Amino acid sequence: MTISLCARRANRLLIVIALIFVGACADTIKEETLLRSRVMPQWYEDSKLGVFIHWGPASVPAFGYGSQLAHGELEEVMFGDSPRKELPYADWYLNAMSYPDTETARHHAETYGDVPYTIFKPMFEERVNEGWDPEAWATFFYESGMKYVVLVTKHHDGYTLWPSDVTNPNRANWGSSRDMVGDLAKAVRAKGMRFGVYYSTGLDWSFEMHTGGDRVRDILRSAPASQSYADYVHEQMKELIDRYHPDVLWADIGYPSKGRQGELFEYYFSKVPGGVVNDRWAAVDILGKIASIPGSTWIMKKLGQMSLANQSGLMEDDPARPGFKTAEYDGFSDIPPFKWESTRGLGGSFAYNSRETADDLLTAADLVDFLVDTVSKNGNVLINVGPDSYGHIPDIQQAPLRGLGSWMKINGESIYGSRPWTRYKNNNGRTLRYTQTDDALYAIVIGETKTTFSIELPGVKWKAIDVLGATILEKKEDGGMLTLTTDKPMSGPAVVVRYTL
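Predicted, not measured: the structure shown is a model, and the values here were computed from it.

Student: Please clarify how the overall build of the protein should be interpreted in this entry.
Tutor: The number of helices and strands found in the protein is 16 helices and 15 strands. Along the three orthogonal principal directions, the C-alpha set of the protein runs to about 70 × 50 × 45 Å. The 501 residues of the protein split such that 58% are buried. Partitioning the contacts of the protein with sequence separation of at least 6, the portion at a separation of at least 24 is 73%. Looking at the protein as shown, the accessible area adds up to about 19,500 Å², and 50% of this sits on carbon and sulfur atoms. The protein carries 52 positive and 64 negative side-chain charges, and their two centres are separated by 3 Å.

Pasting the structure below:
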C-alpha cells in the first residue's frame, strides 16, 4: 500500500490536507536536483514494461484476506465508509495480525498459535536456500517481455533481503545473511535487463507500529519520526546505491523528514547518472505527529473526501513533484502531460497469497489490455509477482505473464520505444488504443479479431499498412472505416495494425 503526503508533492488523496499542514515537507531539494529527478532517461521511456517482486518472511504464512481492490477503492478504504477491516495484501501480514478483529489474526492464531512474526525469518531463509534459483527468475522475466526488474529489498516489516552493515537498533539480525539482492541483480543484468530496488522508506514496523483501531491514524502514527530512523534509512539507501547501482530507486510511504532527502538524491544521481526515482518521497512522519492530536484524524478524512470529490486537477502536473508519478491499482482517464508508472498485483495481493486461485488473477488478455491502455496514456507498467517462500513463482502467476510474452514477441514494436499519439483511443467503431514511433502509427485492436475486421480510419497519411503477425489479403475504405481481411484468424488478446508513415 502506498501514501504520498507533503505540502507540494502530495498524492491526490491528501492534497488538501497537505496544503493545510504546510510543514509536511521538511527537507529541501536543490532545484537542479529536482529537475534532474523529473528527467526520464531514454531507457526508461522506451522500456514500458517491468516486473515488481514482493518477497520475504510474509511469504511463509502467505495469507491475505479479501478480494482485490477495485479502481479507486484504496481511497474509499482510507477516507470513506468501506467495510474492509484489512487490505488484501499478504505483505501486510504483520500489521493485519496485530488487530484482533481481522481474519488474518484469526488465521495466525489457528495456524501458528501465539508465536511472533519473527518466527517466519528462519523458515523463509531455509526455504530460499533450498529452492531459489535467481537465474531461472531472470530467464522467465526476460521471456515474459520485461525490460526492468524492481525487487522489494525491505518492506514495511523491516526485514532486509541483503546482509546490511547498517545495524537495526530494535531487532538484531533482522535481515538475510545471503545477498538475495545481489544474486538477483547479477542474474537480471546478465539477461540485458535493468535492475531497480524498492525500499519502504516511510514505514518500518520494527521501529514503530500503532494498532489502535483507526487505520488512517495508525498508518500515519506508525511512520517513525526519530533522527535515528532517518539516519538508518539514509544509510541503508546509500548502501543499496553503493552495492547495486540500481537503475530505479523506488520509495514507498514517504521519506523521513530528517533523512536528508536532497543529499540522497544528489548522491544517487552522481553514482547512477541514468537512474530514475518515483514520486513517493514526502514527509509522512510530520503528518503522523499531527494525527496524534485528538480529533485531527476526523478532519484529515473529511478533507481527504473533499479532495476526492474534486477530481478536476488529476491531469495537471505538479512541478515540485520528484520523479515519475506512481499509480497503484489505478490509472488515468486520458493522456497526462507527465511520465507515470502503473503498478498492481496479478491478483489482489502483492506478496504471495496462497488463498488466490487462477480465477482471482489477471488473464493474459487482461494483462495485454492493461499494458496497452497504460502505454497509450504515457505510462509504464510495473506488474507484480509474489513468489512463494521457496522462491518459486506459482504456475498461476506464470501463465498470464507467459501469455503476455508471447504477445509481445509479435507485437512488441507497438509498445517498446513508442510514445503516445495525439489521442489514446478511437472516436468511432470498435475499441482501439494508439501508440506511435518516429515512422509508424499503431492501432491496437482490443478483443478478439476474426479474419475480417473493421476499425476507424485514423485520419493520417500512410505509405504502407500491415497487420503484425499476418498478411493483409484485402483492404477497403468506406465512410471513415477501414475493413481488413487477413490470411488467418488472429489468435491472442489484441491485434496490431501498423500504419507506416
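Next, the rest of the story.
Student: I'm lost on the pattern of salt bridges in this one. Help?
Tutor: Side chains bearing opposite charge may pair, as long as their charged atoms lie close to each other. Taken as a whole, this structure holds 26 salt bridges when the rule is applied. Of the charged contacts in the structure, one is a salt bridge between Glu328 and Arg280, with a shortest N-O distance of 3.5 Å. Of this pair, Glu328 sits in strand S6 (residues 325–328) while Arg280 sits in the loop between strand S5 (276–277) and helix H13 (284–291), placing them 48 residues apart in sequence. Connected through salt bridges with shared partners, the residues Asp231, Glu235, Arg260 and Glu263 form a single ionic network.

Student: I tried to follow the environment of Pro387 on my own but got confused; where do I start?
Tutor: Mapping Pro387 onto the fold places it in the loop between strand S8 (379–385) and helix H16 (395–411). We classify Pro387 as buried; its relative accessible area is 0%. Put simply, Pro387 and Ala351 are 36 residues apart on the chain and 7.2 Å apart in space, counted from C-alpha to C-alpha. What Pro387 contacts, discounting residues up to four positions off in sequence, is Ile53, His54, Trp55, Ser59, Trp137, Tyr352, His392, Ile393 and Pro394.

Student: When you look at the confidence of the model for the protein in this model, what are you seeing that I'm missing?
Tutor: When pLDDT drops low, the exact placement of atoms in the prediction is not to be read closely. Residues with a pLDDT of 70 or more make up 93% of the protein, whose mean pLDDT is 91. Here residues 1–25 is a poorly scored stretch, pLDDT under 50, and it has 91 contacts once near neighbours within four places are set aside; other chains count.

Student: Help me understand unusual backbone geometry, please; the structure alone is not making it clear to me.
Tutor: Leaving glycine aside, a negative phi is the common case for residues, and trans is the common case for peptide bonds. The backbone of His245 sits at a positive phi, close to 40 degrees, despite the residue not being glycine. Here His245 is to be found in the loop between helix H11 (227–244) and strand S4 (248–251). Look at His245 and you get partly exposed, because its relative accessible area is 36%. The phi dihedral of Tyr329 falls on the positive side, at around 50 degrees, and the residue is not glycine. Its location among the elements puts Tyr329 in the loop between S6 and strand S7 (340–345). In this structure Tyr329 comes out as buried when scored by relative accessible area, which is 5%.

Student: What exactly am I supposed to notice about the sheet that holds strand S15 (residues 494–500) here?
Tutor: Within a sheet, neighbouring strands are paired by backbone hydrogen bonds and run either parallel or antiparallel to one another. Pairing within the open sheet is antiparallel, and its four strands lie in the order S9-S10-S15-S12. Each edge of the sheet is formed by a strand with only one pairing partner; in this case those strands are strand S9 (432–436) and strand S12 (464–467). Averaged over all pairs of adjacent strands, the angle between strand axes in this sheet comes to 20 degrees, irrespective of strand direction. Pairing of S12 with S15, which is carried by four bridges, proceeds in the antiparallel orientation. Each bridged residue has a counterpart across the sheet, and for Val467 the counterpart in S15 is Val497. Its contacts with the sheet place helix H15 (residues 364–376) against S9, strand S10 (440–446) and S15, and it is angled at close to 50 degrees to S9.

Student: Got a minute to help me understand the pairing of S10 in this structure?
Tutor: One face of the sheet, then the other: side chains in a regular strand alternate in exactly this way. In terms of burial, S10 is a largely internal element, seven of the seven residues being buried. The alternating pattern of S10 places Ala440, Tyr442, Ile444 and Ile446 and Leu441, Ala443 and Val445 on opposite faces, both of which are buried. Examined bridge by bridge, S9 and S10 share five bridges and lie antiparallel to one another. When the sheet's bridge partners are listed, Tyr434 is paired in S10 with Ala443. The antiparallel hairpin formed by S9 and S10 contains three residues in its connecting segment.

Student: What's the story with H13 in this structure? I'm lost.
Tutor: Residues spaced three or four apart along an α-helix face the same direction, because each turn holds 3.6 residues. Of all eight residues making up H13, seven are buried, and the element is well covered by its neighbours. Along H13, the residues classified as buried are Val284, Asp285, Ile286, Leu287, Gly288, Ile290 and Ala291.

Student: Would you mind showing me how to read the sheet that holds strand S11 (residues 452–456) here?
Tutor: The antiparallel open sheet is built from three strands, whose spatial order is S11-S14-S13. Each end of this open sheet is capped by a strand with a single partner; those strands are S11 and strand S13 (472–478). Strand-to-strand twist in this sheet, taken as the mean axis angle between neighbours without regard to direction, amounts to 20 degrees.

Student: When you look at the packing of aromatic side chains in this model, what are you seeing that I'm missing?
Tutor: A ring pair, where both rings are aromatic, is described by two values, the distance of the centres and the angle of the planes. Across all of its chains, the model carries 36 aromatic pairs by this definition. Look at Phe52 and Phe350: their rings are 6.3 Å apart centre to centre, the planes differ by 80 degrees, and that puts the pair in the edge-to-face class. Pair noted here: Phe52 is in strand S1 (residues 49–53) and Phe350 is in the loop between S7 and H15, with a separation of 298 residues, a long-range link. Take Phe52: its relative accessible area is 2%, and that puts it in the buried class. Where Phe207 meets Tyr229, the ring centres are 4.8 Å apart and the plane angle is 65 degrees; that geometry is what we call edge-to-face. You can see Phe207 sitting in the loop between strand S3 (194–199) and helix H10 (215–221) and its partner Tyr229 sitting in helix H11, a full 22 residues away along the chain.

The rules behind the values
- Every chain begins its residue count from 1, and numbering advances along the sequence as written.
- Where totals are concerned, whole chains, interfaces and linings use all residues; where local detail is concerned, this predicted model gives features only for residues with pLDDT of at least 70, and gives and counts side-chain atom pairs only at 80 or more.
- Water and hydrogen atoms were dropped before computing side-chain values, which therefore reflect all heavy atoms in the structure.
- By definition, any uninterrupted DSSP run of H or I lasting at least four residues is a helix, any uninterrupted run of E lasting at least two residues is a strand, and each is numbered from the N terminus.
- The buried label goes to any residue with under 20% of its type's maximum accessible area, the exposed label to any with over 50%, and the partly exposed label to all in between, with areas taken from a 1.4 Å probe on protein chains only.
- Whether two residues are in contact is decided by their heavy atoms, any of which lying within 4.5 Å being enough.
- Only the protein chains shown count as cover for residues, and the accessible areas themselves come from Shrake-Rupley with a 1.4 Å probe.
- For this count, His and the chain ends are skipped, Lys and Arg are scored as positive, and Asp and Glu as negative.
- By convention, charge coordinates are those of NZ in Lys, CZ in Arg, CG in Asp, or CD in Glu.
- When a carboxyl oxygen of Asp or Glu is within 4 Å of a side-chain nitrogen of Lys or Arg, the pair counts as a salt bridge.
- For every residue, the predictor states its confidence as a pLDDT score lying anywhere from 0 to 100.
- In short, DSSP must find at least two bridges between two strands for them to pair.
- All axes here are fitted lines through C-alpha atoms, helices being fitted over the stretch that makes contact, and every angle between N-to-C directions spans 0 to 180 degrees.
- Note on aromatic contacts: the rings of Phe and Tyr and the six-membered ring of Trp form a pair at centre separations within 6.5 Å, being stacked when their planes are under 30 degrees apart, edge-to-face when over 60 apart, and tilted otherwise.

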